[in-house]
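Understanding the architecture of this molecule
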Amino acid sequence: MGAPHGGGPRGAGAPGAADAPAALEALRGTGAEIRDAGPGDAVAGVSPRWVALPGDTEQVAALMRVCASLDLAAVPTGGGTRLHWGRPPERCDLLVGTRRLNRILEHASGDLVVRVQAGTAVEDLAGVLAAAGQELALDVPSGGRTVGGVLATAAAGPRRLRYGTARDLLIGITVVLADGTVARSGGKVVKNVAGYDLGKLFTGSYGTLGIITEAAFRLHPAAPARCWTTVRLPGPESWADPAGVVGPAALATALAASQTEPSAVELDWSAPSGAVTVCALFEGPAADGRARAVQDLTGGHGPGEVTGEAPSWWGAIPGGGAPDEVLLELRVPPASADRALRAVAARGLPARVRGSLASAVLHVALPARTGGPEFAAFVSGVRDDVRPLGGRLTVLAAPRELARRVDPWGPVGALPLMRRVKERFDPGRRMSPGRLAEGL
Amino acid sequence: MTDTTGATPAPGPVLDRAARRLAAVLPPGAVITDPVRLRTYECDGLTHHRAVPGIVVLPETTGQTAAVVRICNEYGVPFVARGAGTGLSGGALPRTDGVLVVTSRMRRVLEVDLPNRRAVVEPGVTNLEITEAVRAHGRYYAPDPSSRQVCTIGGNVAENSGGAHCLKYGFTVNHVLALEIVTPDGDVVTLDADDPGYDLLGAFVGSEGTLGITTRVTVRLLRAPEAVTTLLAAFESIEQGGRAVSAIIGGGIVPAAIEMMDALAIEAAEAAVDCAYPAGAGAVLIVELDGPAAETALRSAEAERICRESGAFELRTAAGPAERDAIWKGRRSAFAAVGRISPAYIVQDGVVPRTALPGVLADIDRLSAEHGIRVANVFHAGDGNLHPLVLFDDREPGAAERAETVSGRILDLCVEHGGSITGEHGVGVDKARYMPRMFTDDDLDTMQLLRCAFDPRGLSNPGKVFPTPRLCGEVPGVRRGAHPLVESGRAEQF
């Protein structure tokens, strides 16, 4: 393994190459399927030695106990679609795949609640719920993502405007900690304030606190009708100087404040100079009328096109998801979205920008061929521009030769507290160490 | 590591020294040590738990709050934050050996940012004041606990408060965008929903003051809905009302609120506020829908039809705000109203899956008959949140104990049905002993890891939420002699 080891010297009994057969035997003793890792199993460029596929929470706990006794570092994975996101782990002996944990444990349709194992594919769950006229209102991009992976990466889609993100829909969680402890919090009722909400803590934790094995969510009735209104705006050079046109921020602010109650207001833009597409989703029994009612809010950009189908780019993360993708997340207070987009345009790179305009949470994809110095200048330049607005730019995925040039997060005031949480949950630094941020 | 392992010095001299240090960092009059004035803070809304605080402080700024916490650390004395003291689980019960940090002098609305749909307020601002500050602009703050006229946003954050409309709109945690907190060791930290990494903001909300003190809150503002329809439906029985609730939810309708009251609760409300609900009702249901006018009109017609089909013998639809208030008046007065029909009562708060409501209500009936204790049922029917009011005569020997038994058994029913021991009132001191009925030792120990990360010395609101907290650094399962937190009076062992 080429990755540096963090967290001080490894404990006595750590398996060198000579101990590998013993470790393998101990891992097999848990009952989980174990195989040697292949090239497709690398975690942000770091190859594990083995892959484990446990069949239930107890096997996950047994694996973690073996890892604890042999000081093996473990990284959990679901569909494996985001293994190249985040930072390389400081060390990685075992990849723990949750794909066999794919049962829907309980769908209480009358209670609008579902309990699932973490390896359940988002599409599979959606199919079961749709048959009952319900949905988990987390329209994350399709393509093999699992419930656990969605939680661990805090993924969200366009309708975050109306329904919030994973943390707002999660009502209960089961996790396995680094020492094999199985812990639950929340439950299967929506209204519940008993004890700490560990689900919140694990949402966005990138496998650094433990392994999510089960989750319970609140559901929503599927909307009887959906309509989209699409408006096209010229590029940023024409926005809102006295003679200019209404920019996307003003448009989104007007839409979000309007009584038509859009469920989402999304943006798609080819930076630095392309036209900007803004598209709003309306759901519910009167969706069509509401989609048409916003046509006078479009600020002189024409009536907008009302369709019964989403545009092809709807909800898709730009950049394509290849292992060498360069993907960032840009957040600003929504009213400052124009200035954030101008900050991107000012760097002159051919970026694809897409995401929730009304919440101003946008993905920015740069070409894979972007050079290191260009990338570093882009990150620092955009950060300098958005920081005074209260915004932030986070690197989600980048090849190592780019990532090493920048601080992926920028300053985060709560980072020392996060490190204290990590130290308590994983004092041996065996759970995806360093994958989320330095020290986490 | 911790100051709690050795013998704790007698509180008196330590508190005296701490009080002098506090007076040096706070404005004149912001440190209260006079026993008569201290007594006014001896309890919150759960009045049968009382403790006179050692010292009360009234900081005016974040900096002063942080200074107070640092002094508490210096002297090793526990501290408890308190907003308006309306909590119903004893979460703000003071410590006789500690400092009560009252946020009532931090009550400015600092910023209203309409384009970004948010407001920044100090913790002592009341829930309703936020809405009042933005109402003229057609905005409001959604969570609406029934104490909203007096309860503070800081307290709402600590308790993750809900309210009647959380069925559609969610709880405090879904409406807080950022917090400035003073950590239990006196640092000032901002927890922001836009931060990458662990959702410490989400974990802090609802932690009942055990992870630090909130000093500034950024809340989400919603547009006031275009239309609101409030429907009152009267049924002969609670079963019929329950069927209507299931059919409404099953029909794909998400009302803003669905509230139910049984005959005894109606009787109390009539006695107290003369709410003139339909005579002879075994249950009334309040269904409120809001949103775009076109959608609301369709949905309310549907809800009305469902109520009729479920057996409603009378339906009233509020024609305007005055009629809406009249419908809500009985429901809002229900807790206090039972005082008219019973000398004493316990307000319980538990949750069951909505579909389990009919069975659980029948079980509560049985418990009531078995123990000779009347129970009035008021509940947020849409999310299965029960508020049984357990009535008893405190002059009758043994009645309080029987009421306590019935109240506790109701929580058992909630847990047996996969529900929760509290939906919105919190655990506090009141329900810490019930936590093991809902969670295993491993669950509670794991929650304790979070506590220890924030508060390794156990100074921030100790004795709340968790039964017999482990000391940070203690190995599970190994305990000898008396628990030091118990010995020093910081925790109770159940």
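Residues numbered from 1 in each chain as written. Chains lettered and ligands numbered in written order. Predicted model: local features only at pLDDT ≥ 70, side-chain atom pairs only at ≥ 80, totals over all residues.

Thoughts on the overall build of chain A
Definition in use: Where helices and strands are cited, they refer to DSSP runs of H or I of at least four residues and of E of at least two residues respectively, numbered from the N terminus. Within these notes, the globule rule equals 2.2 Å times the number of residues to the 0.38 power, and the radius of gyration is based on C-alpha atoms. Think of it as a crowd count around each C-beta: if 20 or more other C-beta atoms lie within 10 Å the residue is buried, if 12 or fewer it is exposed, and in between it is partly exposed, with C-beta placed from the backbone throughout. Once C-beta atoms are placed from the backbone, any two residues with those atoms within 7 Å are in contact.
On a plain count of helices and strands, chain A comes out with 13 helices and 19 strands. Taking 440 residues into account, the globule formula puts the C-alpha radius of gyration at 22 Å, and chain A, at 23 Å, falls close to it. Seen through its C-alpha atoms, chain A measures out along the principal axes to roughly 75 × 55 × 35 Å. Classification of the 440 residues of chain A by burial places 56% in the buried group. A fraction of 70% describes how many contacts in chain A between residues 6 or more apart in sequence connect residues 24 or more apart.

Structural notes on the overall build of chain B
Tallying secondary structure elements over chain B gives 16 helices and 19 strands in all. Against the globule reference of 23 Å for 494 residues, chain B gives a C-alpha radius of gyration of 23 Å, in line with a compact fold. Counting only C-alpha atoms, chain B reaches 70 × 60 × 45 Å along its principal axes. Evaluated residue by residue, chain B yields a buried proportion of 57% over its 494 residues. For chain B, the proportion of contacts with a sequence separation of at least 24, taken over those separated by at least 6, is 71%.

Regarding the interface of chain B and chain A
Selection criterion: For this classification, the nonpolar set comprises Ala, Val, Leu, Ile, Met, Phe, Trp, Tyr, Cys and Pro, the charged set comprises Asp, Glu, Lys and Arg, and every other residue, Gly included, is treated as polar.
Counting residues at the interface gives 64 residues for chain B, matched by 64 residues for chain A. At the level of elements, β9 (188-192), α7 (200-204), α8 (238-250), α10 (293-309), α14 (435-438) and α15 (441-454) of chain B are the ones that each hand at least two residues to the side of chain B that touches chain A. Top element by residues in the side of chain B that touches chain A is α15(B). It accounts for nine residues. Residue composition of the side of chain B that touches chain A, by class: 27 nonpolar, 24 polar and 13 charged.

Description of the domain arrangement of chain A
Many analyses report the size of an interface as the accessible area lost when the parts associate. The condition is simple: Just so you know, the domain bounds were taken from an automatic or database domain assignment.
Annotation of chain A at the domain level lists domain 1 (104-221) and domain 2 (224-408). Placing the centre of domain 1 of chain A and that of domain 2 of chain A at their C-alpha centroids yields a distance of 27 Å.

A few points about the sheet that holds strand β2 (residues 50-53) of chain A
Residues and elements named next belong to chain A. Put simply, the rule is: DSSP-based pairing: two strands are paired if at least 2 bridges between them are found. For helices, the fitted line uses only the C-alpha atoms of the stretch in contact; every axis is such a line through C-alpha atoms, and the angle between N-to-C directions lies from 0 to 180 degrees.
With respect to topology, four strands assemble into an open sheet ordered β1-β2-β4-β3, the strand pairing being mixed. Of all the strands in the sheet, the pair left with one neighbour each is β1 (33-36) and β3 (74-77). Neighbouring strand axes in the sheet, compared pairwise and without regard to direction, differ in orientation by 25° on average. Alignment of β3 against strand β4 (residues 94-97), held across four bridges, turns out to be parallel. Along β4, the bridge assignment pairs P76 with V96. Sheet strands touched by helix α2 (residues 57-70): β2, β3 and β4. Its angle to β4, the strand with the most contacts, is close to 170°.

Points about the nonpolar core
Note the cut-off: Put simply, a nonpolar core is a cluster of buried Ala, Val, Leu, Ile, Met, Phe, Trp, Tyr and Cys residues tied together by C-beta atoms within 7 Å.
One finds B:V57, B:A233, B:V284 and B:L285 to be the most contacted residues of the largest nonpolar core, which totals 223 residues. Among all residues touching B:V284, those that are not within four sequence positions of it are B:L232, B:A233, B:A234, B:M261, B:I266 and B:Y277. Of all hydrophobic cores here, the second largest spans 59 residues; its members include A:A280, A:A340, A:A343 and A:L357.

Things to note about the pairing of strand β12 (residues 227-235) of chain B
Side-chain positions along a regular strand alternate between the two faces of the sheet. Residues and elements named next belong to chain B. Within β12, seven of the nine residues are buried, which leaves it mostly tucked inside the rest of the structure. Two elements, β12 and strand β14 (residues 283-291), share nine bridges in a ladder whose sense is antiparallel. Pairing of F235 across the sheet is with A283, part of β14. Sheet analysis places β12 next to strand β15 (residues 314-317), joined by four bridges and oriented antiparallel. Residue pairing for β15: A234 is matched across the bridge by E314.

Description of the confidence of the model for chain B
Residues and elements named next belong to chain B. Definition in use: Per-residue confidence from the predictor is reported as pLDDT, a score between 0 and 100.
On average, residues of chain B carry a pLDDT of 92, and 93% of them reach 70 or more. The model gives residues 1-9 a pLDDT under 50, and that stretch makes 17 contacts with residues more than four places away or in other chains. For this predicted complex, the interface confidence score (ipTM) comes to 0.94, while the overall pTM stands at 0.94.

Describing helix α8 (residues 248-257) of chain A
Think of an α-helix as 3.6 residues a turn; residues three or four steps apart then line up on the same face. Residues and elements named next belong to chain A. Summarising burial for α8: seven of the ten residues are buried, a large majority. Listed in full, the buried residues belonging to α8 are P248, A249, L251, A252, T253, L255 and A256. Packed against the buried residues of α8 are α5 (160-163), β12 (226-233), β13 (264-270), β14 (276-283) and α10 (337-345).

Looking at the domain arrangement of chain B
Domains assigned within chain B are domain 1 (12-102), domain 2 (109-223), domain 3 (225-340) and domain 4 (342-438). Centre-to-centre, using C-alpha coordinates, domain 1 of chain B lies 42 Å away from domain 3 of chain B.

A short note on the sheet that holds strand β1 (residues 31-32) of chain B
Strand pairs in the sheet, formed through backbone hydrogen bonds, run parallel or antiparallel to each other. Residues and elements named next belong to chain B. Taken in spatial order, the four strands line up as β1-β2-β4-β3 in an open sheet, and their pairing is mixed. Of all the strands in the sheet, just β1 and β3 (79-82) have a single pairing partner and so form its edges. Across three bridges, strand β2 (residues 55-57) lies against strand β4 (residues 99-102) in parallel orientation. Note that in β4 the partner of I55 across the bridge is V99. Its contacts with the sheet put helix α3 (residues 62-75) on β2, β3 and β4, and the angle it makes with β4 is roughly 170°.

Here we look at α2(A)
Residues and elements named next belong to chain A. We count it as follows: A helix is expected to reach a length of 1.5 Å times the quantity of its residues less one.
Over its 14 residues, α2 runs 20 Å from end to end, which matches the ideal 20 Å to within 8%, given 1.5 Å per residue. Taken together, the buried positions of α2 are Q59, V60, A61, A62, L63, M64, V66 and C67. Positive backbone phi, at 55°, marks D71, one or two positions downstream of α2.

Re unusual backbone geometry
Note the cis peptide between A:A271 and A:P272, where omega equals 5°. The topology assignment puts A:P272 in the loop between β13 and β14. Its identity is not glycine, yet B:E208 carries a phi of approximately 55°, on the positive side. With respect to the helices and strands, the residue B:E208 is situated in the loop between α7 and β10 (213-220). Residue B:E208 is classed as buried on the basis of its C-beta count, with 27 C-beta atoms lying within 10 Å.

Overview of the environment of A:G207
All names here are of chain A. Positionally, G207 belongs in the loop between α7 (198-202) and β10 (211-218). The class for G207 is buried, based on 26 C-beta atoms found within 10 Å. Sequence separation of G207 and G300 is 93 residues, and the distance between their C-alpha atoms is 47 Å.

What about the environment of A:T253?
With respect to the helices, strands and loops of the structure, A:T253 is situated in helix α8. For the pair A:T253 and A:V140, spaced 113 residues apart in sequence, the C-alpha separation works out to 24 Å.

A word on the environment of B:A67
Residues and elements named next belong to chain B. Mapped onto the elements, A67 comes out in helix α3. Looking at A67, the number of C-beta atoms within 10 Å reads 20, which means it is buried. Through-space distance from the C-alpha of A67 to that of L26 is 8.6 Å; in sequence the pair is 41 residues apart.

Topic: the pairing of strand β8 (residues 176-182) of chain B
Residues and elements named next belong to chain B. Among the seven residues in β8, five count as buried, and that is most of the element. In terms of strand pairing, β8 meets β10 through six bridges, oriented antiparallel. Residue pairing across strands places E180 opposite R216, the latter belonging to β10. As defined by bridge partners, β8 adjoins β9 across five bridges and the pair is classed as antiparallel. From the neighbouring strand, V182 faces β9, where its bridge partner is V188. What sits between the antiparallel neighbours β8 and β9 is a turn of five residues, in which G186 has the positive phi angle 95°.

Section: the packing of α8(B) against α10(B)
Residues and elements named next belong to chain B. Put simply, the rule is: In this scheme the handedness of a crossing depends on how the near helix is turned from the far one: anticlockwise by less than a right angle means left-handed, clockwise means right-handed.
Orientation of α8 relative to α10, taken along the N-to-C sense of each, is 145°, at an axis distance of 9 Å. Note on packing geometry: the crossing formed by α8 with α10 is right-handed. Between α8 and α10, the contacting residues are A244, A247 and I248 on the first element and A303, I306 and C307 on the second. Here the residues of the contact of α8 with α10 sort into six nonpolar, no polar and no charged.

Describing the confidence of the model for chain A
For chain A, mean pLDDT is 92; residues scoring 70 or higher make up 95% of the total. Below pLDDT 50 for its whole length, residues 1-15 of chain A participates in 27 contacts with residues either more than four positions away or in separate chains.

Section: the packing of helix α9 (residues 263-273) of chain B against helix α11 (residues 321-337) of chain B
All names here are of chain B. As a reminder of what qualifies: Note that the term roughly parallel is reserved for angles under 35 degrees, roughly antiparallel for angles over 145, roughly perpendicular for angles of 65 to 115, and oblique for everything else.
Packing of α9 against α11 brings their axes to within 8 Å, and their N-to-C directions diverge by 95°. On the basis of their axis angle, the class for α9 and α11 is roughly perpendicular. Listed contacts from α11 to A265, A268, A269, A271, A272 and V273 of α9 are K329, G330, S333, A334, A336 and A337. A class-by-class count of the residues in the contact of α9 with α11 yields nine nonpolar, two polar and one charged.

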